[in-house]
Amino acid sequence: YELLDGLTGGGVVIAAKIGAPAAGVLVVQAKDEKLLHQFVQRSLALAEKELARLEVKESIHKTTYEGLDAFRFGPVKGAVVDGALILATDDKVLHHILDGHLGKKPIERVADAASFKEGNKSIPAGAHAWGWLNLEVVRELPNFKTGFEAVTQNPQFVFIFGGLVDVFKRSPCVTASLAQEKSDWQVRVQMPRGRDGMGGISKMLVPEKGAGSLPLLQPPRTLASLSYFLDLGQFWEHRTKIFNEKQVQELDKVEKESGKFLGGVKLGTLLNQMGNHQRVVFATPEKSPYQTKPTTQIPSFAVVLDMRDPQFAKSMNFILRGVALIGSFASSSGLKMIEEEHAGCKLVCYYFPENKPFAGDPNGVRFNFNPCFVTVGDQLVMSSTVELGKNLIDELKRGSKDTAQPATMRTRLFATGAAQALRGGEEQLLTQLILSQALPPGTAREEVRKIIALIERAGTLGFEINYGQSDFRFDVKWQAGTK
């Protein structure tokens, strides 16, 4: 480590010019200039011996430029200047850098560019690594420009990534950084444009006031929790500002036909009744109402929607009951509906019969599911299992440990939930380890427990999207668990 610090402790910079002609530069600044010279000389000597041994005809050419030691091998050109090793992809690039360093001619520095200065403001102090990309150059690349325009004509792409595209079109640059605070790590990608100047897509993705995302739900044995803002009512009202004329015409056709499939309720009406916050939860099931165990275990999952209008719950009740009825007849599954009550809330639950064969599911995957839906205040819960549905009723009634946040999307993955899932399938994991590595049962069981303990200490991994007034941020945060 001392050797590495002496050679690279001053920092490392990689720079690239995209487009034609492309070029690249690597600069490694040493703390110990004498050590760097020794390292380069011995590395070149070792490389020459290895090339001779391999009978490679092309050799390393040592030369000088304006009194500075330089070398060249194949496409790589290098020099050592003031304790820095410079490697370039082209003689002209290397000479340009050296001329600027020697003061032979003025050079245009990237650090002096307005967009670089603007992007550099977003880099957190003490960042371990960071980067900057000139989007103005990227957008003018012919191949990128053609492909980007083609992709943004796709309505599905616009619906999912429309906000990011809007910011990307207006931003002069994008920056990325890696920072650490104690045992927590954060990667941030940021662009210096945000809500101000945003097009019609902002009505769907960004709240005019109030929280961007509701508290993350964390019922028992949570694997992952997601909370996001998506105003589909505003999306429908402002669709002419979001999509082109042809796409809007297709949406209008769907609207006219939607009443046939939504119990007489038009799609636009349903979207306006729906709220603008949605939450999704994945969890490890603890108990199953079935005696039959499926060959493949699937985590429980649920979607929680808030409502502007209580009529939304009634509309969805009719639609979900109808879908279940049609699905039961179409598959001949014999799906049984039961209404259950929990904490003052009435759940509509569906169970698969265990005494009836089902040709479409020989492995019993259906026994991972006993779906239900329930209204809890102004929230509609649709869950893949009754167990998770009841846990979410309790969670919503007592309030979440988390708080509402300005970020319009938040996701958190929990290592503890993954460890609980592995413990539930410990015997299956044990069998796989014994068969794959031919370990004795006792040794294999110890290895399985070590693996589960290691995963449990991994902590949480979070993702956030935040549209600020003048910036866009995408954060990845890892919080290590306790040892």
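Worth saying up front: this structure is predicted, and the values here are computed from it rather than measured.

**Looking at the overall build of the protein chain**
And then number 1: In terms of helices and strands, the protein chain carries 17 helices and 19 strands.
And then number 2: The C-alpha atoms of the protein chain give a radius of gyration of 30 Å, which is well past the 23 Å a tight globule of 483 residues would have.
And then number 3: Here the C-alpha coordinates of the protein chain stretch approximately 90 × 65 × 40 Å along the principal axes.
And then number 4: With 483 residues in all, the protein chain has 39% of them scored as buried.
And then number 5: Put simply, 61% of the contacts in the protein chain that link residues at least 6 apart link residues at least 24 apart.
And then number 6: Averaged over its 58 positive side-chain charges, the protein chain has a centre that lies 3 Å from the centre of its 53 negative ones.

**Describing the environment of Val 304**
And then number 1: Relative to the helices and strands, Val 304 resides in strand β12 (residues 300-307).
And then number 2: A residue is classified by how much of its surface remains accessible, and Val 304, at 0% relative accessible area, is buried.
And then number 3: For Val 304, the contacting residues outside a window of four places in its chain are Leu 217, His 277, Gln 278, Arg 279, Gln 379, Leu 380, Val 381, Leu 392 and Leu 396.

**Quick look at helix α14 (residues 386-398)**
And then number 1: The end-to-end C-alpha distance of α14, which contains 13 residues, comes to 19 Å, matching closely the 18 Å that a straight helix rising 1.5 Å per residue would cover.
And then number 2: Where α14 is buried, its residues touch β11 (274-283), β12, β13 (336-342), β14 (345-351), β15 (372-376) and β16 (379-383).
And then number 3: Just beyond α14, the residue with positive phi is Gly 399, at close to 90°.

**Examining the pairing of β15**
And then number 1: Counting buried positions along β15 yields four of five residues, so the element is predominantly enclosed.
And then number 2: As paired strands, β14 and β15 are joined by two bridges and run antiparallel to one another. Paired with Cys 349 across the bridge in β15 is Cys 372.
And then number 3: Pairing analysis gives five bridges linking β15 to β16, with the strands arranged antiparallel. Bridged to Cys 372 within β16 is Ser 383.
And then number 4: Linking β15 back to β16 in an antiparallel pair, the connection comprises two residues, with Gly 377 at a positive phi of about 65°.

**Notes on a nonpolar patch on the surface**
And then number 1: A surface patch of nonpolar side chains, about 210 Å² in accessible area, is lined by Ile 18, Leu 133 and Val 137.
And then number 2: Residue placement: Leu 133 occurs in strand β7 (residues 129-134).

**Quick notes on unusual backbone geometry**
And then number 1: Despite not being glycine, Lys 182 has its phi angle at roughly 60°, a positive value.
And then number 2: Along the chain, the position of Lys 182 falls in the loop between β8 (173-181) and β9 (184-191).
And then number 3: According to the relative accessible area criterion, Lys 182 is exposed, its value standing at 77%.
And then number 4: Phi is positive for Ala 438, which is not a glycine, with a value near 55°.
And then number 5: Checked against the element boundaries, Ala 438 lands in the loop between α16 (426-437) and α17 (441-456).
And then number 6: Accessibility expressed as a relative area gives 67% for Ala 438, which makes it exposed.

**Focus: the packing of helix α6 (residues 142-151) against helix α7 (residues 155-170)**
And then number 1: Running from amino to carboxyl end, α6 crosses α7 at an angle of 140°, the nearest separation of the two axes being 11 Å. Comparing the axis directions of α6 and α7 gives the class oblique. Side by side, α6 and α7 meet where Phe 144, Phe 148 and Val 151 of the first sit next to Phe 157, Val 165, Phe 168 and Lys 169 of the second.
And then number 2: Residues belonging to the contact of α6 with α7 are distributed by class as follows: six nonpolar, no polar and one charged.

**Let's talk about the packing of aromatic side chains**
And then number 1: If you walk through the whole model with that rule in mind, you get 14 aromatic pairs.
And then number 2: Geometrically, the ring pair formed by Phe 116 and Trp 132 is edge-to-face, given 5.2 Å between the ring centres and 70° between the ring planes. One end of the pair, Phe 116, is in helix α4 (residues 114-120); the other, Trp 132, is in strand β7, and 16 residues separate them in sequence.
And then number 3: Measuring from centroid to centroid gives 5.8 Å for Phe 235 and Phe 243, while their planes differ by 85°, and the two rings are edge-to-face.
And then number 4: Residue classification places Phe 235 among the buried positions, given a relative accessible area of 7%.
And then number 5: Looking at Phe 243, the relative accessible area reads 8%, which means it is buried.
And then number 6: Through a chain of ring-to-ring contacts, three or more aromatic side chains come together here, namely Phe 159, Phe 235, Trp 236 and Phe 243.
And then number 7: The ring of Phe 168 is capped by Arg 139, whose NZ or CZ atom sits 6.0 Å from the centre of that ring.
And then number 8: The lysine or arginine in question, Arg 239, covers the ring of Trp 236, its NZ or CZ lying 4.2 Å from the ring centre.

**A few points about the state of the cysteines**
And then number 1: Under the counting rule described, the total for this entry stands at zero disulfides.
And then number 2: With no disulfide partner, Cys 345 has as its closest neighbouring cysteine sulfur the one in Cys 372, 11 Å distant.
And then number 3: Cysteine Cys 349 shares no disulfide, and the gap to the nearest cysteine sulfur, in Cys 372, comes to 5.1 Å.

**Focus on the sheet that holds strand β6 (residues 84-88)**
Working definition: the strands of a sheet are paired by backbone hydrogen bonds and lie parallel or antiparallel to each other.
And then number 1: Sheet architecture is open: six strands sit in the order β1-β2-β6-β5-β4-β3, paired in antiparallel fashion. Two strands close off the open sheet at either side, each with one partner strand: β1 (11-17) and β3 (61-65). With strand direction ignored, the average angle separating the axes of adjacent strands in the sheet is 20°.
And then number 2: Pairing of strand β4 (residues 68-73) with strand β5 (residues 76-81), which is carried by four bridges, proceeds in the antiparallel orientation. In the strand pairing of β5, Ala 70 is matched with Ala 79.
And then number 3: Here helix α3 (residues 91-102) sits on the sheet and contacts β2 (23-29), β3, β4, β5 and β6; the angle it forms with β5, its principal contact strand, is near 15°.

**Digging into the pairing of strand β18 (residues 460-467)**
And then number 1: In this sheet, β18 lies alongside strand β17 (residues 409-414) in antiparallel orientation, the contact comprising six bridges. Directly across from Thr 411, in β18, lies its bridge partner Phe 463.
And then number 2: Two strands pair when backbone bridges link them, and β18 and strand β19 (residues 472-479) are joined in this way by eight bridges, in the antiparallel orientation. Its bridge partner being in β19, Tyr 467 is matched across the sheet by Phe 472.

Cut-offs applied
- Residues numbered from 1 in each chain as written.
- Predicted model: local features only at pLDDT ≥ 70, side-chain atom pairs only at ≥ 80, totals over all residues.
- Heavy atoms only, no water.
- Helix = DSSP H or I, 4+ residues; strand = E, 2+ residues; numbered from the N terminus.
- Rg over C-alpha atoms; globule rule 2.2 N^0.38 Å.
- Buried < 20%, exposed > 50% of the residue type's maximum accessible area, 1.4 Å probe, protein only.
- Contact = heavy atoms within 4.5 Å.
- Lys, Arg positive; Asp, Glu negative; His and termini not counted.
- Charge placed at Lys NZ, Arg CZ, Asp CG, Glu CD.
- Expected span 1.5 Å × (residues − 1).
- Pairing = 2+ DSSP bridges.
- Patch = residues over 30% accessible without salt bridge, like charges linked within 9 Å, V, L, I, M, F, W, Y side chains within 5 Å.
- Areas by Shrake-Rupley, 256 points an atom, 1.4 Å probe, with all protein chains shown as cover.
- Salt bridge = Lys/Arg side-chain N within 4 Å of Asp/Glu carboxyl O.
- Axes fitted to C-alpha atoms, helices over the stretch in contact; angles between N-to-C directions.
- Parallel < 35°, antiparallel > 145°, perpendicular 65-115°, else oblique.
- Nonpolar A, V, L, I, M, F, W, Y, C, P; charged D, E, K, R; others polar.
- Phe/Tyr/Trp six-rings, centres within 6.5 Å; stacked < 30°, edge-to-face > 60°.
- Lys NZ or Arg CZ within 6 Å of the ring centre and 35° of its normal.
- Disulfide = S-S within 2.5 Å.

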